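Fold and geometry: a report
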Amino acid sequence: MRPVPSEIGSGRHTLTSAETTDTTPEAATAEPAHEEHTHEGHDHPGHEHHEHAKPTLNPAVTREVEVEAPAEEVTKTFRSVLKRYQKLARIPGFRPGKVPEAVLRNRFAGAIREEVVEAVLPQHFREAMAKQNLHPVSQPQVTDLQLEEGKPLHFKAIFEVLPEVTIDGYQDVKVDKPDTSLTEAEFDAELDRIRDSRSTMEPVEEERGLADGDWAQISFKGALQDETAEGEAAEHPIEGSDVSVEVGGKDTVAAFSDALRSARPGQELKFEATYPADFGQKRLAGKTVAYDVEVKGIRKKVQPVLDDQFAKELGDYESVEDFKQKLREHLASDKQHRLLADTRNRLMDALIARFDFPVPESLVQNQIDTRLERGLRALAAQGMRTEDMRKLDFEHLREAQRESAVNEVKGTILLDRIGDAEKVEVADEEVERELQVISLQTREPLETLRERLTREGNLARIREQLRREKTGNLLVERLGSIPAR
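Per chain, the residues get numbers from 1 upward, laid out in the order the sequence is written. Where local features are concerned, this predicted model is filtered to residues with pLDDT of at least 70; where side-chain atom pairs are given and counted, the filter is 80 or more; whole-chain, interface and lining totals use all residues. Hydrogen atoms and water are omitted, and side-chain values are computed over all heavy atoms in the structure.

**Describing the sheet that holds strand β1 (residues 62-69)**
Either a parallel or an antiparallel arrangement is found when strands of a sheet pair, and the pairing is made through backbone hydrogen bonds. Only strands joined by at least two bridges in the DSSP assignment are considered to pair. Put simply, DSSP marks the helices as runs of H or I at least four residues long and the strands as runs of E at least two long, and each gets a number from the N terminus on. If you trace the three strands from one edge of the open sheet to the other, you get β1-β3-β2, paired in antiparallel fashion. Lying at the two open borders of the sheet, with one neighbouring strand each, are β1 and β2 (141-146). Averaged over all adjacent pairs, the angle separating strand axes in this sheet is 15°, with direction ignored. Pairing geometry for β2 and strand β3 (residues 153-160), over four bridges, is antiparallel. Interaxial angle, 0 to 180 degrees, is taken between N-to-C directions of lines fitted to C-alpha atoms, where a helix line uses only the stretch in contact.

**Concerning the packing of helix α14 (residues 446-456) against helix α15 (residues 458-477)**
In contact at an axis separation of 5 Å, α14 and α15 are set at 95° when each is read in the N-to-C sense. Relative to α15, α14 is oriented roughly perpendicular. In this structure, α14 uses Leu453, Thr454 and Glu456 to contact α15, whose residues at the interface are Asn458, Leu459 and Ile462. Of the residues in the contact of α14 with α15, the class split is three nonpolar, two polar and one charged. With respect to orientation, any angle under 35 degrees is reported as roughly parallel, any angle over 145 as roughly antiparallel, any angle of 65 to 115 as roughly perpendicular, and every other angle as oblique. Only heavy atoms matter for contacts: two residues are in contact if any of them lie within 4.5 Å across the pair. Residues are sorted three ways: Asp, Glu, Lys and Arg are charged, Ala, Val, Leu, Ile, Met, Phe, Trp, Tyr, Cys and Pro are nonpolar, and all the rest, Gly among them, are polar.

**Description of the packing of helix α13 (residues 428-442) against α15**
With their axes 10 Å apart at the nearest point, α13 and α15 run at an angle of 105° to one another. It follows that α13 is roughly perpendicular to α15 by the angle criterion. Two secondary-structure elements touch here, α13 through Asp428, Glu430, Val431, Glu434, Leu435 and Ile438 and α15 through Leu459, Ile462, Arg463, Leu466 and Lys470. For the contact of α13 with α15, the per-class residue count stands at six nonpolar, no polar and five charged.

**Things to note about the environment of Val247**
Locating Val247 in the fold gives a position in the loop between β6 (238-246) and α7 (254-260). Exposure classes here rest on a 1.4 Å probe applied to the protein chains alone. A residue is buried below 20% of its type maximum, exposed above 50%, and partly exposed in between. Overall, the relative accessible area of 1% leaves Val247 in the buried class. Residues Val247 and Asp214, spaced 33 residues apart in sequence, show a C-alpha to C-alpha distance of 5.7 Å. In contact with Val247, other than residues within four places in its own chain, are Leu210, Ala211, Asp212, Gly213, Asp214, Ser257, Leu260 and Arg261.

**Topic: a negative patch on the surface**
Patches here: salt-bridge-free residues with over 30% relative accessible area, like charges joined within 9 Å, nonpolar side chains (Val, Leu, Ile, Met, Phe, Trp, Tyr) joined within 5 Å. Method for areas: the Shrake-Rupley scheme with a 1.4 Å probe, in which residue coverage is limited to the protein chains shown. When a carboxyl oxygen of Asp or Glu lies within 4 Å of a side-chain nitrogen of Lys or Arg, that pair is called a salt bridge. By the counting rule applied here, Lys and Arg register as positive and Asp and Glu as negative, while His and the ends of each chain are not counted. Charge positions come from single atoms, namely NZ of Lys, CZ of Arg, CG of Asp or CD of Glu. On the surface, Asp307, Asp308, Glu313 and Glu321 cluster together into a patch of negative charge. If you trace the backbone, Asp308 turns up in helix α8 (residues 308-314). A relative accessible area of 37% means that Asp308 is categorised as partly exposed.

**Side note on helix α2 (residues 71-88)**
For an α-helix, the turn length of 3.6 residues means that residues three or four places apart are oriented alike. The end-to-end C-alpha distance of α2, which contains 18 residues, comes to 26 Å, matching closely the 26 Å that a straight helix rising 1.5 Å per residue would cover. Ala71, Val74, Thr77, Phe78, Val81, Leu82 and Tyr85 are the residues of α2 that are buried. Viewed along the axis of α2, the buried residues span an arc of 135°, placing them on a single side of the element. For α2, exposure combined with an orientation more than 90 degrees from the buried face picks out Glu72, Lys76, Lys83 and Lys87. In this structure, the buried residues of α2 make contact with β1, α3 (101-107), α4 (109-132) and β3. To estimate the expected span of a helix, count its residues, drop one, and scale the result by 1.5 Å. Think of the arc as the fan of directions from the helix axis to the C-beta atoms.

**Quick look at the pattern of salt bridges**
Using the criterion set out here, one finds 36 salt bridges in the structure. For the salt bridge of Glu101 with Arg105, the shortest nitrogen-to-oxygen distance reads 3.7 Å. Residue Glu101 and its partner Arg105 are both found in helix α3; the two are separated by four residues, about one turn of the helix. With a relative accessible area of 27%, Glu101 lands in the partly exposed category. Residue Glu149 is joined to Arg105 by a salt bridge in which the shortest nitrogen-to-oxygen separation is 2.6 Å. Of this pair, Glu149 sits in the loop between β2 and β3 while Arg105 sits in helix α3, and the two are 44 residues apart along the sequence. By relative accessible area, which is 31% here, Arg105 ends up partly exposed.

**Things to note about the packing of aromatic side chains**
The rule is short: rings of Phe, Tyr and Trp, with Trp giving its six-membered ring, pair when the centres are within 6.5 Å, and they are stacked under 30 degrees, edge-to-face over 60, tilted in between. A complete count under the given rule lists eight aromatic pairs for this structure. Ring plane angle 85° and centroid distance 5.1 Å describe the contact between Phe256 and Phe271, whose orientation is recorded as edge-to-face. Taken together, the positions of Phe256 in helix α7 and Phe271 in strand β7 (residues 268-274) put the pair 15 residues apart, joining distant regions of the chain. Of the residues examined, Phe256 reaches a relative accessible area of 8% and is grouped as buried. For Phe271, a relative accessible area of 13% puts it in the buried group.

Here it is, written out as structure tokens:
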């Protein structure tokens, strides 16, 4: 016998690989659920702690419909289900296929009722939606379900729809568009950083004092000049041996640089250093420390020569000029993508601020789920244990994500509306390129990936996300060469 489902068409929200907000009608099941959502199938660490209950729907975008199925169809379905149960049921004392209907009705009343509802309700709900031109974006909730053999099936369905959004004047929304071209200073700074990362520390043989840019090898002891800190100082003494300090370095406390300048190896120094209130080490922040320092030696950072050999050590480069060219191209592309993404974000913030409209609470909750799942994966990747995840305050975490989730849903709705107005389309070739990227990232064969996404219904959602990206890029392009203030 086919097992009776615990819910009719669960309509679990599935996101694209880009984890975008889905606001299309297809995001909601066409088969309303009238039972509680279960956790069956969820195996993500901590999932049971942040799975939200059936959301309170936003009244501004909530609709309710009454649906009725004819008594004749209900009776016919009851008879069909009973026949199948009679054929398959195995009950002690009765031969297969000979169990009386009365026994079946009594023993499997709930299961039979559930199957009748599952067979009759979805089709009539879909017809009602088409007739009234409604497009649910949340899983419809069934109430007032009335089912009795020989009588019409009657129920109410409550669900959310997308809001009516007016986007008049969206073309007038502007933000500053920065210059995305790579400057020579930025290129030189990155080149210097790469060389610096491969530098060596070499001892200074000549007899001279320390100067800015030198690295002093020192040993030191410090005493907090605060009587209330004596206990802490005893427990955590301020001392170090063979420590490297860059004289005049941006991360070096000024008092150290001042005391070390001109000092020579073997020299002993006494001085006080007062730390700023926002100093990184809390026990030193805002404190004054008296130091006894011995200079052990002087070292100089030596950068490698920028030649063909150095370029080949960095990777598959034919020469230093080849390396510089590819580095320049990479930096230019990275800056352009980074600044354009920032511009898109600021433009979306401006659009969201201009157009005020209600959003479906179910979509907000879905987006909060997405953000939390992303955060949990990041914590798992960092090594957080499952048992520690379960201790997190998910109610607080959900609330902390709410404002961002609301704005993301609003942004998605606006991009879809603007995309309609601009007649933005995504070609099959663009979807294919995206699939190739996903295939490379996930190491899943392209054909297997395409088949899976099609089966799961996510291929269409990838196309929708690409359309939103194209719409956002179109809006940014229209900003022109607006200089940043």
